[in-house]
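Below are the chains, spelled out letter by letter.
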Amino acid sequence: FSPVAMLQKVAVSSFASLEGKLALVTGGSRGIGRAIALELGRAGAEVVVGYRTGREEAEAVASEIGGRAVEADVSDAESAKSLVEAAGDLDVLVNNAGLTRDGLLVRMSDDDWRTVIDTNLSSVFYTCRAAARPMMRKRAGSIVNVSSIVGVHGNWGQTNYAASKGGIVAFTKSLAQELGSCGIRANVVAPGYIKTQLTDAIPEEAQQTMLGLTPLGRFGGPEDVARAVRFLASDDAAFITGEVMVVGGGLGM
Ligand code: NDP
């Protein structure tokens, strides 16, 4: 028996603990959202897994961590509000749901513009607005919004996506200023290139170019993003708000 080893073990296992916290993760049915939900669940949180179409997948994620799966289209104001209300008295809100509709500006349809802005950006406004008052009442809460490195640097063929993700950064920094005095923190995680269904559609050549620009020399996994979200969601990040944490293996440095 070594008291030092014992203490070290306790210190490690309690790092970024979410014991006793209630968390909502939007887009938790697959990809990065799935990894976030599992990570928060393993950190001790009770997790509500939001999904739109992937019911079976979301229920599988929820059952793995003893959470609940709730259906909602977060691009719709009423549906997003109902999701937050159904989740309950949130300690942690993670806005992860998102999609792409890539194309050059000159050929971009109104529908592709609106779908991306509504799904990626307006959704964040809807859920944060719904979650803010209850969090203000208990003077505690942590919001983590998933943007993208594209929201910081822009990207060819992604004016709609870049606008939505850049909007998340500006929105979150503003929110952090409004809610800081109420004990609520709001931060952004901006992933680089992460292997999921979203990026599988990117042509092989473009993937290799991206890899060449990533100093760590590999694509990220959803778990890489999930660990950053867990940290920012937890009380170990108690003095961190309005920040953008890029999880991209150095891409865009
Ligand atoms: P996936 O396409 O694998 O998953 C997207 C998730 O969003 C799904 O769970 C989907 O739910 C959900 N979703 C989409 N539209 C809606 C909606 N209207 N209402 C509710 N849920 C919705 O994507 P990733 O896991 O790769 O991406 C997750 C987030 O990370 C996104 O915001 C993305 O922009 C961001 N990101 C990803 C990067 C990457 O390299 N993969 C890089 C930078 C940022 P369902 O399946 O149930 O319909």
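Our structure is the block above this text.
Rules behind the numbers
- Residues numbered from 1 in each chain as written.
- Predicted model: local features only at pLDDT ≥ 70, side-chain atom pairs only at ≥ 80, totals over all residues.
- Heavy atoms only, no water.
- Helix = DSSP H or I, 4+ residues; strand = E, 2+ residues; numbered from the N terminus.
- Rg over C-alpha atoms; globule rule 2.2 N^0.38 Å.
- Buried < 20%, exposed > 50% of the residue type's maximum accessible area, 1.4 Å probe, protein only.
- Contact = heavy atoms within 4.5 Å.
- Areas by Shrake-Rupley, 256 points an atom, 1.4 Å probe, with all protein chains shown as cover.
- Lys, Arg positive; Asp, Glu negative; His and termini not counted.
- Charge placed at Lys NZ, Arg CZ, Asp CG, Glu CD.
- Axes fitted to C-alpha atoms, helices over the stretch in contact; angles between N-to-C directions.
- Parallel < 35°, antiparallel > 145°, perpendicular 65-115°, else oblique.
- Left-handed = near helix turned anticlockwise from the far one by under 90°.
- Nonpolar A, V, L, I, M, F, W, Y, C, P; charged D, E, K, R; others polar.
- 1 Å grid on protein atoms, 1.4 Å probe; cavity = no way out; pocket = protein on both sides within 12 Å on 5 of 7 lines; lining within 4 Å.
- Points joined across faces, edges and corners; volume = space filled by probe spheres on them.
- Pairing = 2+ DSSP bridges.
- Right-handed = clockwise from strand over helix to strand, strands pointing away.
- Phe/Tyr/Trp six-rings, centres within 6.5 Å; stacked < 30°, edge-to-face > 60°.
- Patch = residues over 30% accessible without salt bridge, like charges linked within 9 Å, V, L, I, M, F, W, Y side chains within 5 Å.
- Salt bridge = Lys/Arg side-chain N within 4 Å of Asp/Glu carboxyl O.

1. Some points on the overall build of the protein
Piece 1. Helix and strand counts for the protein come out as 10 helices and 7 strands.
Piece 2. Radius of gyration (C-alpha) of the protein: 18 Å, near the 18 Å computed for a compact globule of 253 residues.
Piece 3. Overall, the protein is about 65 × 40 × 40 Å in size when its C-alpha atoms are taken along their principal axes.
Piece 4. The burial tally for the protein puts 48% of its 253 residues in the buried class.
Piece 5. For the protein, restricting intrachain contacts to residue pairs at least 6 apart in sequence, the fraction spanning at least 24 positions comes to 70%.
Piece 6. Counting every atom, the protein has about 12600 Å² of accessible surface; 54% of that belongs to carbon and sulfur.
Piece 7. Charged side chains of the protein number 24 positive and 28 negative; the gap between the two group centres comes to 4 Å.

2. Some remarks on the packing of helix α4 (residues 77-87) against helix α5 (residues 110-138)
Piece 1. Here α4 crosses α5 at 40°, and the two axes come no closer than 8 Å. On the basis of the axis angle, α4 is oblique to α5. By crossing handedness, the relation of α4 to α5 is classed as right-handed. Side by side, α4 and α5 meet where A77, A80, K81 and V84 of the first sit next to Y126, T127, A130 and A131 of the second.
Piece 2. By residue class, the composition of the contact of α4 with α5 is 6 nonpolar, 1 polar and 1 charged.

3. Structural notes on the environment of L232
Piece 1. Relative to the helices and strands, L232 is located in helix α10 (residues 222-233).
Piece 2. For the pair formed by L232 and M245, sequence separation is 13 residues and the distance between their alpha carbons is 9.1 Å.
Piece 3. Dropping the residues within four chain positions of it, L232 is found in contact with S142, V144, R185, N187, V188, V189, A237, I240 and M245.

4. Things to note about the layout of surface pockets
Piece 1. Estimates place the volume of the second largest pocket at around 190 Å³.
Piece 2. Taken together, F125, C128, R129, A132, R133, M136, F171, S174, L175, E178 and L179 form the lining of the second largest pocket.
Piece 3. Those elements that place two or more of their residues in the lining of the second largest pocket are α5 and α7 (159-179).
Piece 4. For the lining of the second largest pocket, the element with the most residues is α5, which contributes 6 residues.
Piece 5. For the lining of the second largest pocket, the per-class residue count stands at 7 nonpolar, 1 polar and 3 charged.

5. Looking at the environment of A37
Piece 1. Within the element layout of this structure, A37 appears in helix α2 (residues 31-42).
Piece 2. With relative accessibility at 0%, the residue A37 sits in the buried group.
Piece 3. Between the C-alpha atom of A37 and that of G67, which follows or precedes it by 30 residues, the distance is 9.0 Å.
Piece 4. Not counting the four nearest positions on each side in its chain, A37 is found in contact with V25, V47, V49, V61 and I65.

6. Points about the pairing of strand β3 (residues 68-71)
Piece 1. Where strand β2 (residues 46-51) meets β3, 4 bridges bridge the pair, whose relative direction is parallel. The residue of β3 that forms the bridge with V48 is R68.
Piece 2. Crossover β2 to β3 through helix α3 (residues 55-64) is right-handed.

7. Some details on the packing of aromatic side chains
Piece 1. Per the counting criterion, the structure on display carries 3 aromatic pairs.
Piece 2. The interplanar angle of 15° and the centroid separation of 6.0 Å between the aromatic rings of F15 and F231 together place this pair among those described as stacked. With a gap of 216 residues between them, F15 in the loop between α1 (3-13) and β1 (22-25) and F231 in helix α10 connect regions that are remote in the sequence.
Piece 3. Look at F15 and you get partly exposed, because its relative accessible area is 44%.
Piece 4. A ring pair is formed by Y193 and F219, whose centres lie 4.3 Å apart and whose planes are at 35°; its orientation type is tilted. With Y193 in the loop between β6 (184-191) and α8 (197-200) and F219 in the loop between α9 (204-212) and α10, this pair connects stretches of sequence that are 26 residues apart. No difference in accessibility class separates Y193 from F219, as the two residues are buried.

8. A short note on a nonpolar patch on the surface
Piece 1. A cluster of nonpolar side chains, L104, V106 and W156, forms an exposed patch at the surface whose accessible area comes to about 400 Å².
Piece 2. Position of W156 relative to the elements: it lies in the loop between α6 (150-153) and α7.
Piece 3. Since its relative accessible area comes to 71%, W156 is described here as exposed.

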